[in-house]
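Per-entry structural report
Below, each chain spelled out in residue letters.
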Amino acid sequence: MKLKDSVENFFKLDEKKKEGLKKLKIFTLEDLLRHFPFRYEMVKDLSNEEFRKGDNVSFKGKVLKIENKKTIRRIFLIDALIENKMGLIRASWFNQPYIVKMLSVGDTAIFTGKVSQNKKGEFYLMNPVFKKENPDFETSLEFGNLPVYPETKGITSKWLHFAITRILNGIEEKELDDFIPKEILSLYHLPNLKNSFI
């Protein structure tokens, strides 16, 4: 994976997404990484509280189980069981099979999304965004940092967030030329260039 590689080589894009990326002037992986948020949404930290239907929440949890299923209509469904301090909650993603490559059993992450409730009374998050715990970065996970990017038809902030996370998980450190010396990063407890994109 190289910064100058075309976005189309790494993501399945329909015509709407292709047109949207063109409108945003995003052609390469580097263009995508440097498509910065213009603001961040604050969300409620529910790590120590009960879930309520309709709440837009964020909580730290551990992945206990994750499966890639295919529905009767041949739609990909990723279903995960997540544990936090208050219990268990499910998270589901439609038509995003790459999630199983980004999230594994045992991973700890902050999950952010809207709480829904099924007919059985069980709570779940549909298509939540997540921020994995990074063992290479000293600071702990933070809440309230849900990025909102410049969007256009076919390209949402949620898709951009997942795409950028996927790139950062796959790209080699040497591809990101950090102009700040490692000594300075260490002295002031600053993230390297790769982590600063998260």
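Residues numbered from 1 in each chain as written. Predicted model: local features only at pLDDT ≥ 70, side-chain atom pairs only at ≥ 80, totals over all residues. Heavy atoms only, no water.

Quick look at the side chain of Asp-107
Its location among the elements puts Asp-107 in the loop between helix H3 (99-102) and strand E6 (108-117). Assessed through its relative accessible area of 18%, Asp-107 is described here as buried. A polar contact is formed between the side chain of Asp-107 and the backbone nitrogen of Ser-104, at a distance of 2.8 Å. (Helix = DSSP H or I, 4+ residues; strand = E, 2+ residues; numbered from the N terminus. Buried < 20%, exposed > 50% of the residue type's maximum accessible area, 1.4 Å probe, protein only. Polar contact = N/O pair within 3.5 Å; in protein donor to acceptor, adjacent residues only side chain to side chain.)

Notes on helix H1 (residues 15-23)
Considered for burial, the residues of H1 that qualify are Lys-17, Gly-20 and Leu-21. The arc that holds every buried residue of H1, seen down its axis, measures 95°, which confines them to one face. Away from the buried face of H1 by more than 90 degrees, exposed residues Glu-15, Glu-19, Lys-22 and Lys-23 are located. At its buried positions, H1 is contacted by helix H4 (157-170). A distance of 3.2 Å separates the backbone nitrogen of Lys-16 from a side-chain oxygen at the start of H1, and that oxygen is part of Asp-14. The first or second residue beyond H1 is Lys-25, which carries a positive phi of 60°. (Arc of directions from axis to C-beta. Contact = heavy atoms within 4.5 Å.)

Focus on H4
If you check H4, its first and last C-alpha atoms are 20 Å apart, about what 14 residues at 1.5 Å a residue would give, namely 20 Å. In terms of burial, H4 is largely enclosed, as 10 of its 14 residues are buried. (Expected span 1.5 Å × (residues − 1).)

Considering the confidence of the model for the chain
Scored by pLDDT, the chain comes out at a mean of 82, with 89% of its residues at no less than 70. A low-confidence stretch, residues 136-141 stays under pLDDT 50, and its non-local contacts, those more than four residues away or across chains, total 11 contacts. (pLDDT = per-residue confidence, 0-100.)

A few points about the nonpolar core
Core analysis: the largest hydrophobic core is formed by 23 residues, its most contacted members being Phe-59, Trp-93, Ile-99, Leu-103, Phe-111, Phe-130 and Phe-162. At the level of secondary structure, the elements contributing two or more residues to this core comprise strand E3 (56-70), strand E4 (76-84), strand E5 (87-94), H3, E6 and strand E8 (129-132). Per-element accounting of this core gives the leading share, 4 residues, to E3. Core analysis: the next-biggest nonpolar cluster, separate from the first, contains 22 residues, Val-7, Leu-13, Leu-21 and Ile-155 among them. (Core = buried A, V, L, I, M, F, W, Y, C linked by side-chain atoms within 4.5 Å.)

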